[in-house]
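Analysis of the macromolecular model
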Amino acid sequence: MTLQGWVRAIGVGTALAAMAIGASARAEWWQAETAHFIVYSESKKDDAEQFARLLERYDNALRYLQGYPIPGPDMGEANKVKVFRSGDIDDIAYVAGAPGSGIAGFYIPRAGSTVAFVPAREKRRDMSSVRRSSNDPTLDTERVLFHEYTHHFMLTNFSTAYPAWYSEGFAELYSTVEFRDDGSFVGGLVPQARGAALKQLPDVRLSRLFDHKVKLTGLEQYQSYAFGWLLSHYLNFNEERRGQLPAYLAALNKGEDSLTAAKRIFGNLDTLQAELRKYKGRNQFPVMVSPPNAVPEPAVALRQLPSAEEALMREYIRSQRGVDRKEAKDVARDLSGKGAAYPDNLKAQLIVAEAHLDARNFDEAEAAAKRALALAPDSSFANFLMGSIFLARADENKDKALYDQARPWLVKAHKLDQKDPRPMIGYYMSYREAGEPIPEDALVILESAWDYAKYDALYRLILARQLLDENKGDLARSVLSPIAFAAHGTEKENKIRATVDLIDESKIDEARAKLAEIFKEAEDRQKGKKG
């Protein structure tokens, strides 16, 4: 599978049942860019600006709470989260491939192309025809996006592996941050959408929550969000237990069994369970209030989308959502002729080239990429697309010579933007997919992508596979652990966790074979054979 296939496969799940979202003749589209976000908003200018500023303030608040510099190092444009804000909740549910579900937003982490989708209007068109969301309508889009972005922030900035309950509980804990006009913010508020579940549903037994081998029931899985918030809140705010949570997480990352570590560090779990039961009965929970001006007012760059980009927004959203082979063909068909219709717009050419590449319409993709390069020879993404076209052709035609033709484009793309992980991974993959010996510079560049792609589970798998090939089991384990401990036992094998277990048992050959199974399944899904 080519790099383009790997990049797109991570986001492809269910097929899109329909596509209600899109640009209308009356749409007013704005791009609002901050240090960490690029928002495409179908709204008025002030609304787009306010939403982008809110997201950036949230990133700043997370940095403040972790003691990180604000606004943090420049991560480059490719690593900013692209947020598509259009339509209403019904439209977002269609984009997610789950019409009628009430999904208020979702996020897909991909190296160099992380995206999120939220409605510009929260009101549904017809509440009578849509079942109530299991998450309750009070789960507003801002909180959904805050929750998902916290996961992104954790993978980008933390090297520690977290169990599922803490990963979700941490995201719930921070997603309720509220900002005040004086530049302060409040953290630790109760997530209102989880309040009813917290009070009315039974607690999750800690002996089961801490045991990663246990398969939680559907109710326990649902309740683990609210209960994870409660447990995270208690362990963070309770003075007598302060320090226990970091000790437990450290033990988990050293390979100690989760349940064993929990009993050793937290003591009698029935005692902790009783404390939590009493804690959740409080009328008021402790909160943290930052000092005034703790979070600076972010800068926002605004531009109204020209007619060419607005006309392609519907297809651009579908493409960025992630497409399988059939969907890619549909998007490319809908874009037919639009590249030539807007010859002077760089963004239009890039959108068309990428869509045709996904559909494996290589001649059309190359024509659009050449138009983009004629407009902007130093566009890193245009050069990356040209390299990706050769990679995809090499894969399609089983022609190793084409991999060699891809490399100069990828090298130039990397030189033009050394923070975009896609050319780095692509250059490495050009040797891996060709079955050629991988030179030292390709190995170095793959590892160099770490700072800009570690939020992407697929990149972690690629890097871990290479590290295992080099018999660097400890390093491979550290790369995989944060994505391996994210789930309890299930009916299907957690193959990433199984790979980590094999590394712990010094069974490196078996670990390589287990990773190979993961890649084979991902390739089959991307080709639409299953999944």
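Scroll up for the structure.
This write-up is about the structure you can find in this document.

Parameters at a glance
- Residues numbered from 1 in each chain as written.
- Predicted model: local features only at pLDDT ≥ 70, side-chain atom pairs only at ≥ 80, totals over all residues.
- Heavy atoms only, no water.
- Buried < 20%, exposed > 50% of the residue type's maximum accessible area, 1.4 Å probe, protein only.
- Helix = DSSP H or I, 4+ residues; strand = E, 2+ residues; numbered from the N terminus.
- Pairing = 2+ DSSP bridges.
- Right-handed = clockwise from strand over helix to strand, strands pointing away.
- Arc of directions from axis to C-beta.
- Contact = heavy atoms within 4.5 Å.
- Axes fitted to C-alpha atoms, helices over the stretch in contact; angles between N-to-C directions.
- Left-handed = near helix turned anticlockwise from the far one by under 90°.
- Nonpolar A, V, L, I, M, F, W, Y, C, P; charged D, E, K, R; others polar.

Burial runs high along strand S3 (residues 81-85): five of the five residues are buried. By the alternation rule, side chains of S3 split into Val-81, Val-83 and Arg-85 and Lys-82 and Phe-84, which are all buried. Where strand S2 (residues 37-42) and S3 come together, five bridges link them in parallel fashion. Counted as the bridge partner of Phe-37 is Val-81 from S3. The parallel pair S2 and S3, bridged by helix H2 (residues 45-66), forms a crossover whose chirality is left-handed. Bridge count between S3 and strand S5 (residues 115-118): four bridges; the pairing is parallel. Residue Val-83 lies in a different strand from S5, and its bridge partner there is Ala-116.

Considered for burial, the residues of helix H9 (residues 244-253) that qualify are Gln-244, Leu-245, Tyr-248, Leu-249, Ala-251 and Leu-252. Within H9, the buried residues cover an arc of 160 degrees as seen down the axis, which keeps them to one side. For H9, the secondary structure elements touched by its buried residues are helix H5 (164-175), helix H8 (218-237), helix H10 (258-266) and helix H23 (473-484). Downstream of H9 by one or two residues, Gly-255 has phi in the positive range, about 100 degrees.

Time to look at the sheet that holds strand S8 (residues 288-289). With respect to topology, three strands assemble into an open sheet ordered S6-S7-S8, the strand pairing being antiparallel. Looking at strand neighbours, the two that pair on one side only are strand S6 (178-179) and S8, the edges of this open sheet. Two elements, S6 and strand S7 (residues 185-187), share two bridges in a ladder whose sense is antiparallel. Bridge pairing links Phe-179 to Phe-185 in S7.

Let us now look at the sheet that holds strand S4 (residues 106-108). If you walk across this open sheet you meet the six strands as S4-S5-S3-S2-S1-S9, and the pairing is mixed. Only two strands of the sheet have a single neighbouring strand rather than two, namely S4 and strand S9 (301-304). Each strand axis lies, on average, 15 degrees off the axis of its neighbour in the sheet, ignoring direction.

For the bond running from Ile-70 to Pro-71, omega is 10 degrees, close enough to zero to count as cis. You will see that Ser-506, though not glycine, has its phi angle at about 60 degrees, which is positive. Structurally, the position occupied by Ser-506 is in the loop between helix H24 (495-504) and helix H25 (508-526). Accessibility expressed as a relative area gives 61% for Ser-506, which makes it exposed.

Tracing the sequence through the fold places Leu-446 in helix H20 (residues 440-448). With a relative accessible area of 0%, Leu-446 lands in the buried category. Residues Leu-446 and Gly-426, 20 residues apart in the sequence, show an inter-C-alpha distance of 8.8 Å.

Turning next to the packing of helix H19 (residues 421-434) against H20. In the contact formed by H19 and H20, the axes pass within 8 Å of each other and the chain directions differ by 145 degrees. Crossing hand, H19 versus H20: left-handed. In contact with Met-424, Tyr-427, Tyr-428 and Tyr-431 of H19, H20 contributes Asp-441, Ala-442, Leu-443, Ile-445, Leu-446 and Ser-448. Of the residues belonging to the contact of H19 with H20, the class tally is eight nonpolar, one polar and one charged.

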